[in-house]
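Summary of structural features
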Amino acid sequence: MPDRVLRAIAQPTIDHRGSAFAALARDVLDGLQRVFQTSEPVVVYPSSGTGAWEAALVNTLSPEDTVLMFETGHFATLWRDMASRLGLRVEFVAGDWRHGVDPRAVEQKLTGDRGRTIKAVAVVHNETSTGVTSRIAAIRQAMDAAGHPALLLVDTISSLGSIDYRHDEWGVDVTVSCSQKGLMLPPGLGFNAISAKARAAATSARLPRSYWDWEPMIKDNAAGFFPYTPATNLLYGLREAVRMLMDEGLANVFARHQRFGEATRRAVSAWGLEVLCANPEEYSDALTAVLMPAGHDADAFRRIVLQRFDMSLGAGLGKLKGQIFRIGHLGDFNDLMLAGTLSGVEMGLAAAGVPFTRGGVTAALDSLVDVRSVHL
Ligand SMILES: Cc1ncc(COP(=O)(O)O)c(C=O)c1O
């Protein structure tokens, strides 16, 4: 987290029914629309990302509605579990956790749904558990090609503010996100960006909802207020984080992450290791998941890196436990931080006795220093 954000959060908590708060809320809500690249309402819950997932489902769907979901990894699986627990029918397309959502599969499924029973397609944009990014614009095109009226719900929890994402242009109905990744904040804020079509669907959606109901939020937000106590100090931080993103310019933010993704993948390849993502069109610029050579435990390696270098690598989640480690390169991150991170990985591989070829860090530095990769 940047110091600017931490200092902003450290301001006194003001009356959330007063005019100073209304000015803060308006700033934050306007700024968020720019980050989501939308002119539609964005609501902010005091919640983690899981709450924002639930809000997207309960506002738009009714018991026993069918939702089309794709097994891209651990988080897509958890979202599926939530949908089932809420009483939805989930058509879950199996996946190998190395690929994103195939737009052709979306088109096929929707074309085959002649009775129009599928009410929503729910996709995780950037699978944090695998480092695979699904192509949302192509998925939208596939839905249009099928001429199907299902809503498009997208989880951008680890892509927003790091990887290009366009709520309006890509025709997304509900974009789900939260505070603790590309927005460089502590956990505690969940977001939904809401299309007019999704808002209209909410008028007849019958899943029970109260805390997550969009309408009281949107109504009170219009005057700069919330229907219940907002996370005031996180909103100070959010205002600062949005300013930072806007000062840099979203295009530059995305280009910076692309450079980090590219440099990291070059390091992995020079080490002779394998990136988990199997489709170069779907490489994540927010994080890179790396397969451990057979016979080596990724968690033992991660423990050594933590003990020796005080650096925490991401664990393999769900069925990838022990098989991969994840290098995060998103948020308040620069070239030298990436160089340090990759040095920690390279030293850790040596310390853990993992077979690898030296030179990954050098390959990454060459990539970072290449002027063609620098957005001036
Ligand atoms: C892609 C994705 N979706 C959903 C979640 C769940 O969010 P939270 O843990 O904030 O509830 C996460 C958390 O890391 C995530 O990465």
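Structure's up top.
Bear in mind that the values here come from a model prediction, so they are computed numbers and not experimental data. (Residues numbered from 1 in each chain as written. Predicted model: local features only at pLDDT ≥ 70, side-chain atom pairs only at ≥ 80, totals over all residues. Heavy atoms only, no water.)

**Digging into the overall build of the chain**
For the chain, the count of helices and strands is 13 helices and 13 strands. In terms of overall size, the chain behaves like a compact globule, its C-alpha atoms giving a radius of gyration of 21 Å where 376 residues would be expected to give roughly 21 Å. In terms of overall dimensions, the chain has a C-alpha envelope of 60 × 55 × 35 Å along the principal axes. Put simply, the chain has 376 residues, and 56% of those count as buried. Considering only intrachain contacts with a sequence separation of at least 6, the fraction spanning at least 24 residues in the chain is 72%. As presented, the chain carries roughly 15300 Å² of accessible surface, and 52% of it is formed by carbon and sulfur atoms. The average position of the 37 basic charges and that of the 41 acidic charges among the side chains of the chain differ by 2 Å. (Helix = DSSP H or I, 4+ residues; strand = E, 2+ residues; numbered from the N terminus. Rg over C-alpha atoms; globule rule 2.2 N^0.38 Å. Buried < 20%, exposed > 50% of the residue type's maximum accessible area, 1.4 Å probe, protein only. Contact = heavy atoms within 4.5 Å. Areas by Shrake-Rupley, 256 points an atom, 1.4 Å probe, with all protein chains shown as cover. Lys, Arg positive; Asp, Glu negative; His and termini not counted. Charge placed at Lys NZ, Arg CZ, Asp CG, Glu CD.)

**Considering the sheet that holds strand β1 (residues 42–46)**
Spatially, the seven strands line up as an open sheet ordered β1-β9-β8-β7-β4-β2-β3, and their pairing is mixed. Looking at strand neighbours, the two that pair on one side only are β1 and β3 (89–93), the edges of this open sheet. Geometrically, the sheet is characterised by an average inter-axis angle of 20° between neighbouring strands, direction not taken into account. Here five bridges tie strand β2 (residues 66–70) to β3, and the two strands are oriented parallel to one another. Bridge pairing in β3 places M69 opposite F92. Seen against the sheet, helix α2 (residues 19–36) touches β1, β8 (174–178) and β9 (189–194) and runs at an angle of roughly 110° to β1. The sheet strands contacting helix α6 (residues 136–146) are β4 (118–124) and β7 (151–155), and the helix crosses β7 at an angle near 165°. (Pairing = 2+ DSSP bridges. Axes fitted to C-alpha atoms, helices over the stretch in contact; angles between N-to-C directions.)

**Remarks on the packing of helix α10 (residues 250–271) against helix α12 (residues 335–351)**
Orientation of α10 relative to α12, taken along the N-to-C sense of each, is 20°, at an axis distance of 11 Å. Between α10 and α12, the crossing angle belongs to the class labelled roughly parallel. By crossing handedness, the relation of α10 to α12 is classed as right-handed. Listed contacts from α12 to R259, F260, A263, T264, A267 and W271 of α10 are D335, L338, L342, V345, E346 and L349. (Parallel < 35°, antiparallel > 145°, perpendicular 65-115°, else oblique. Left-handed = near helix turned anticlockwise from the far one by under 90°.)

**Digging into the sheet that holds strand β13 (residues 324–328)**
Read across the open sheet, the four strands follow the order β10-β11-β13-β12; overall the sheet is antiparallel. If you trace the sheet from one side to the other, it starts and ends with β10 (274–275) and β12 (314–315), each paired once. Relative to strand β11 (residues 287–291), β10 runs antiparallel, the two being bridged by two bridges. Its bridge partner being in β11, V275 is matched across the sheet by V290. The strands that α10 touches are β10, β11 and β13; relative to β11, the one it contacts most, it runs at about 10°.

**Here's the deal with the site of the ligand**
Taken together, S48, G49, T50, W53, F75, V124, N126, T128, D155, I157, Q180 and K181 make up the full set of residues adjacent to the ligand. One nitrogen or oxygen atom from the side chain of T128 is found 2.5 Å from an oxygen atom belonging to the ligand. For the ligand, a nitrogen atom lies 2.6 Å from a polar atom in the side chain of D155. Taken by itself the ligand offers 380 Å² of open surface, and the protein chains cover 86% of this. By residue number, the principal contributor to the shell around the ligand is helix α3 (residues 49–60), which donates three residues. The class makeup of the residues in the shell around the ligand is four nonpolar, six polar and two charged. (Near = heavy atom within 4 Å. Polar contact = N/O pair within 3.5 Å; in protein donor to acceptor, adjacent residues only side chain to side chain. Nonpolar A, V, L, I, M, F, W, Y, C, P; charged D, E, K, R; others polar.)

**Regarding unusual backbone geometry**
At Q37, a residue that is not glycine, the phi angle is positive and equals roughly 55°. Position of Q37 relative to the elements: it lies in the loop between α2 and β1. On the basis of relative accessible area, Q37 is assigned to the partly exposed category, the value being 27%. Of note, the phi angle at R116 is positive, near 55°, even though the residue is not glycine. By the element assignment, R116 lies in the loop between α5 (103–112) and β4. Given a relative accessible area of 31%, R116 falls into the partly exposed group.

**As for the nonpolar core**
Membership of the largest hydrophobic core comes to 89 residues, with the highest contact counts inside it found for W79 and L238. Sequence-distant contacts of L238, that is, excluding residues within four places in its chain, are made with V28, L32, L183, L185, L189 and F191. Counting residues in each nonpolar core, the second largest holds 27 residues, with V132, L313, L338 and L368 among its members. (Core = buried A, V, L, I, M, F, W, Y, C linked by side-chain atoms within 4.5 Å.)

**Here we look at the pairing of β8**
Within β8, five of the five residues are buried, which leaves it mostly tucked inside the rest of the structure. Taking every second residue as pointing to the same face, both faces of β8 are buried, with V174, V176 and C178 on one and T175 and S177 on the other. Two strands pair when backbone bridges link them, and β8 and β9 are joined in this way by five bridges, in the antiparallel orientation. By the bridge assignment, T175 is partnered in β9 with A193.

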